[in-house]
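# A look at the structure
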Amino acid sequence: MTTTTTLITGANKGIGHETARQLVAAGHTVWVGARDEQRGRAAADELGARFVQLDVTDDASVAAAVRTIDAAGGLDVLVNNAGIEPRLDGNVVPTPADESADDVLRTFQTNVVGVVRVTHAFLPLLQRSAAPVIVNLSSGLGSLQDLADPDSYTHFYAGLSYPASKATVNALTIQYAKAFPSFRVNSADPGYTSTDLNGRAGTQTVAEGAKVVVRLATLGPDGPTGTFVSRHGPVAW
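A few points on the structure. (Residues numbered from 1 in each chain as written. Predicted model: local features only at pLDDT ≥ 70, side-chain atom pairs only at ≥ 80, totals over all residues. Heavy atoms only, no water.)

Helix α4 (residues 101–127) packs onto helix α3 (residues 59–71) with a crossing angle of 25° between their chain directions and a minimal axis gap of 10 Å. Relative to α4, α3 is oriented roughly parallel. Here α3 runs over α4; the crossing is right-handed. Of the residues in α4, those touching α3 at Asp59, Val62, Ala65, Val66, Ile69 and Asp70 are Arg117, Val118, Ala121, Phe122 and Leu125. When grouped by side-chain class, the residues that make up the contact of α3 with α4 number 8 nonpolar, no polar and 3 charged. (Axes fitted to C-alpha atoms, helices over the stretch in contact; angles between N-to-C directions. Helix = DSSP H or I, 4+ residues; strand = E, 2+ residues; numbered from the N terminus. Parallel < 35°, antiparallel > 145°, perpendicular 65-115°, else oblique. Left-handed = near helix turned anticlockwise from the far one by under 90°. Contact = heavy atoms within 4.5 Å. Nonpolar A, V, L, I, M, F, W, Y, C, P; charged D, E, K, R; others polar.)

Below you can see the structure in the form of structure tokens.
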């Protein structure tokens, strides 16, 4: 029986770490991708996973990760989990007046360009898989319909770069899904989960947040592609 090999970026903590834990339990060979070697190795050891140093903002780091995973046998599932959300002192969400062009660029370098950099680099490995899967971590804040709706639970959010970056991730998901019809490429909205990303302000556990990511990461060749979903069902674009 062939084992499914999965890479999760930013997997040393938060939803990425919990996704790794659940996928290891499901029988996947999981690569924990992390910028910090010490933290990444510790997480991988704890989970019974493999570690690969991977900084999604660095071409050389990503290229080295591709070589490492290729030499170990290839890749079937890529979970683009690594992301940042800007916060001000006191864990305050910045307003559009607070975020400069450099601030927006910093968020996009990780959340958008990082997804493209990693996905593009690993495409040759994924194309060799019998059942390639890509899961892009989005957010309910990436739903433009909900963000614009005064009755939506996301309408209150004032930040500029984070929702814009996640809406762009959704566009990437659509385009990759169209370009690679043999892949399963989907966006996951994990929900408002308590992690370091939001200063532990989230209302869900990481186990709840990882649920939809794990489901999308374990899709078969007949599963949906080009969708945006939470654990509760489809999310509006």
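A separate point is the side chain of serine 129. The residue serine 129 is located in the loop between α4 and β5 (133–137) in this model. Here aspartate 76 takes part through its side chain, which lies 2.7 Å from a polar atom of the side chain of serine 129. At 3.1 Å, the side chain of serine 129 and the backbone nitrogen of alanine 131 are in polar contact. Dropping the residues within four chain positions of it, serine 129 is found in contact with Leu75 and Asp76. (Polar contact = N/O pair within 3.5 Å; in protein donor to acceptor, adjacent residues only side chain to side chain.)

This part covers the side chain of threonine 154. Summarising the element assignment, threonine 154 is placed in the loop between α5 (144–148) and α6 (161–179). Using a relative accessible area of 2% as the deciding quantity, one classes threonine 154 as buried. If near-sequence neighbours (up to four positions away) are discounted, threonine 154 is found in contact with Gly140, Leu141, Asp146 and Leu147. (Buried < 20%, exposed > 50% of the residue type's maximum accessible area, 1.4 Å probe, protein only.)

Interaxial distance between helix α1 (residues 14–25) and helix α2 (residues 37–47) falls to 10 Å at its minimum, and their mutual angle equals 30°. The pairing of α1 with α2 is recorded here as roughly parallel in orientation. When you trace α1 past α2, the crossing you get is right-handed. Contact residues: His17, Ala20, Arg21 and Val24 in α1; Ala43, Glu46 and Leu47 in α2. Across the contact of α1 with α2, the residue classes break down as 4 nonpolar, 1 polar and 2 charged.

With that settled, consider the nonpolar core. If you look at the biggest cluster of nonpolar residues, it comprises 27 residues, and the most contacted ones within it are Ile8, Val32, Val79, Val135, Val213 and Leu216. Apart from residues no more than four positions distant in its own chain, valine 32 is found in contact with Ile8, Ala11, Asn12, Ala20, Gly40, Ala43, Ala44, Leu47, Ala49, Arg50, Phe51 and Val52. Counting 26 residues, the second-largest nonpolar core is a separate cluster that includes Leu7, Leu78, Val112 and Phe122. (Core = buried A, V, L, I, M, F, W, Y, C linked by side-chain atoms within 4.5 Å.)

As a further point, take the sheet that holds strand β3 (residues 50–53). Judged by pairing direction, the sheet is mixed, and its 8 strands sit side by side in the order β3-β2-β1-β4-β5-β6-β7-β8 without closing on themselves. Edge strands, defined here as strands with exactly one partner in the open sheet, are β3 and β8 (233–234). The pairing of strand β1 (residues 5–8) with strand β4 (residues 77–80) spans 3 bridges and is parallel. Within the sheet, the bridge partner assigned to threonine 6 lies in β4 and is valine 77. Sitting on the sheet, α4 touches β1, β4 and β5, and the angle it makes with β4 is about 180°. On top of the sheet, helix α7 (residues 206–217) reaches β4, β5, β6 (184–188) and β7 (228–230); it is set at about 160° to β5, its chief contact. (Pairing = 2+ DSSP bridges.)

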